[in-house]
Amino acid sequence: MKSVTLVIKKVNEEKLREFKAEAIRRGLTLSEALEQAIDLWLNKVKDNDEREANNKVFERMRAEIFSKYKDKYVVIAQGRFIGAYDKIESVQEVLKGLNVSHAIVFNPSKDIREEGEWLGGSLLP
């Protein structure tokens, strides 16, 4: 990985001082702490984008979901309709394979919309 010299102007001095102090407490260099902060921010932005995309798909498919998949678990992830499944265990297997951080799982017959972070087992019955 190539490293670059970075000059940042107009940073809040108090926040920067607190950031540096926390980096030192954690045994990190300032550049290591900044890289971690960048990674965290990028992941959060990507997660928010995925959440918004999933919600748009759900809203676009709402009528179809209620009419066509009444007794199924509908899965929406990665900004697309993944499928409709008879058992929550099937949903679990599908989500494990997708490597997603956000998914919508919805069963119209139960009128429950479960939405949240997928952590490799959070939908266990």
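Being a predicted model, the structure only gives us computed values, none of them experimental.

Participant: Before we go on, may I ask you to explain a nonpolar patch on the surface in this structure?
Facilitator: Together, Leu 6, Ile 8, Val 11, Leu 16, Leu 30, Leu 34, Ile 38, Trp 41 and Leu 42 line one region of the surface with nonpolar side chains, adding up to about 800 Å² of accessible area. Here the nonpolar patch takes 5 residues from helix H2 (residues 30–68), the largest share from any one element.

Participant: Teacher, can you tell me more about the packing of aromatic side chains here?
Facilitator: The geometry of an aromatic ring pair is captured by two quantities: the separation of the ring centres and the angle between the planes. Within the structure shown, the criterion is met by 3 aromatic pairs. Note on Phe 66 and Phe 106: the rings are 5.3 Å apart at their centroids and 65 degrees apart in plane angle, and the pair reads as edge-to-face. With Phe 66 in helix H2 and Phe 106 in strand E3 (residues 102–107), the pair connects residues that are 40 residues apart, well separated along the chain. Ring-pair connections join several aromatic residues into one group, and the members of that group are Phe 58, Phe 66 and Phe 106.

Participant: Sorry if this is basic, but what is going on with the side chain of His 102 here?
Facilitator: Relative to the assigned elements, His 102 resides in strand E3. Within the local environment of His 102, its side chain forms a polar contact with the side chain of Arg 51, the two groups lying 3.4 Å apart. At a separation of 2.7 Å, a polar atom in the side chain of His 102 contacts the side chain of Asn 54.

Participant: Teacher, can you tell me more about the pattern of salt bridges here?
Facilitator: Side chains that carry opposite charge are capable of pairing whenever their charged atoms lie near each other. Scanning all chains against the criterion turns up 7 salt bridges. Across the pair Glu 59 and Arg 62 runs a salt bridge, and its minimum N-O distance is 2.8 Å. Taken together, the residues Glu 59 and Arg 62, both in helix H2 and 3 residues apart, mark about one turn of the helix. Between Lys 96 and Glu 93 there is a salt bridge; the shortest N-O distance is 3.9 Å. Pair noted here: Lys 96 and Glu 93 are both in helix H3 (residues 88–98), with a separation of 3 residues, about one helical turn. Residue Lys 96 is classed as partly exposed on the basis of its relative accessible area, which comes to 43%. Counted as one network, the salt bridges with shared partners bring together Glu 22, Arg 25 and Arg 26.

Quick notes on the rules
- Residues numbered from 1 in each chain as written.
- Predicted model: local features only at pLDDT ≥ 70, side-chain atom pairs only at ≥ 80, totals over all residues.
- Heavy atoms only, no water.
- Patch = residues over 30% accessible without salt bridge, like charges linked within 9 Å, V, L, I, M, F, W, Y side chains within 5 Å.
- Areas by Shrake-Rupley, 256 points an atom, 1.4 Å probe, with all protein chains shown as cover.
- Salt bridge = Lys/Arg side-chain N within 4 Å of Asp/Glu carboxyl O.
- Helix = DSSP H or I, 4+ residues; strand = E, 2+ residues; numbered from the N terminus.
- Phe/Tyr/Trp six-rings, centres within 6.5 Å; stacked < 30°, edge-to-face > 60°.
- Polar contact = N/O pair within 3.5 Å; in protein donor to acceptor, adjacent residues only side chain to side chain.
- Buried < 20%, exposed > 50% of the residue type's maximum accessible area, 1.4 Å probe, protein only.

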